[in-house]
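Chain residues, written in single-letter form:
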Amino acid sequence: MEYNRLIEILDRMEELQKEFFCEMRIQLTGVNPLPYHLAKTDEKLMNRLQVQDYLDISRTTYNRKVKEGKLKPMRLPGGHKYYKHDLLTEYNESKRRGRI
């Protein structure tokens with residue numbers, strides 16, 4: 001019984017940590033990246049091609065957006081990686097321009 005209670009406490013601590021970091025991001029950037037219930041840490045990483053398809057942009061546009069700092073990839077051994085919730089601003093811009 002005690003073990004199960006510890007697991008519950010750890011799960012709650014993880015939820016609170018997610019809320020805290022989401023709140024900090026809002027405070028620092030002034031933008032809510034996503035409603036908290038949609039932000040998931042177990043979300044799969046997207047590669048460059050998946051991002052280009054998701055945003056409906058060409059490779060040239062992708063490279064320009066990375067150079068301008070509008071897209072901020074995690075540079076991992078397998079290439080650029082992103083979480084979908086980190087692409088929200090650019091997704092909204094693509095939607096505004098009628099690409100999506």
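You'll find the structure just up there.
Residues numbered from 1 in each chain as written. Predicted model: local features only at pLDDT ≥ 70, side-chain atom pairs only at ≥ 80, totals over all residues. Heavy atoms only, no water.

Student: Any chance you could explain the overall build of the protein here in plain terms?
Tutor: Helix and strand counts for the protein stand at four helices and three strands. Ordered by position in the sequence, the α and β elements of the protein form the string α-β-α-α-β-β-α. In the protein, buried positions account for 21% of the 100 residues. Taking as baseline every contact in the protein between residues at least 6 positions apart, the subset at least 24 positions apart corresponds to 49%. Working note: accessible area of the protein is about 7800 Å², and carbon and sulfur atoms make up 54% of it. (Helix = DSSP H or I, 4+ residues; strand = E, 2+ residues; numbered from the N terminus. Buried < 20%, exposed > 50% of the residue type's maximum accessible area, 1.4 Å probe, protein only. Contact = heavy atoms within 4.5 Å. Areas by Shrake-Rupley, 256 points an atom, 1.4 Å probe, with all protein chains shown as cover.)

Student: I'm lost on the side chain of Lys81 in this one. Help?
Tutor: Residue position: Lys81 is located in strand E3 (residues 79-82). Within the buried set, Lys81 has no salt-bridge partner at all; the shortest N-O distance to an opposite charge, 13 Å, is to Asp86. Setting aside residues up to four positions removed in sequence, Lys81 forms contacts with Leu45, Met46, Asn47, Pro73, Met74 and Leu76. (Lys, Arg positive; Asp, Glu negative; His and termini not counted. Salt bridge = Lys/Arg side-chain N within 4 Å of Asp/Glu carboxyl O.)

Student: Explanation requested: the sheet that holds E3 in the structure shown.
Tutor: Strand pairing in a sheet takes place through backbone hydrogen bonds and is either antiparallel or parallel in direction. Read across the open sheet, the three strands follow the order E1-E3-E2; overall the sheet is antiparallel. Strands at the two margins of the open sheet, each flanked by one partner only, are strand E1 (46-47) and strand E2 (74-76). Note: E1 against E3, two bridges, orientation antiparallel. Within the sheet, the bridge partner assigned to Met46 lies in E3 and is Tyr82. (Pairing = 2+ DSSP bridges.)

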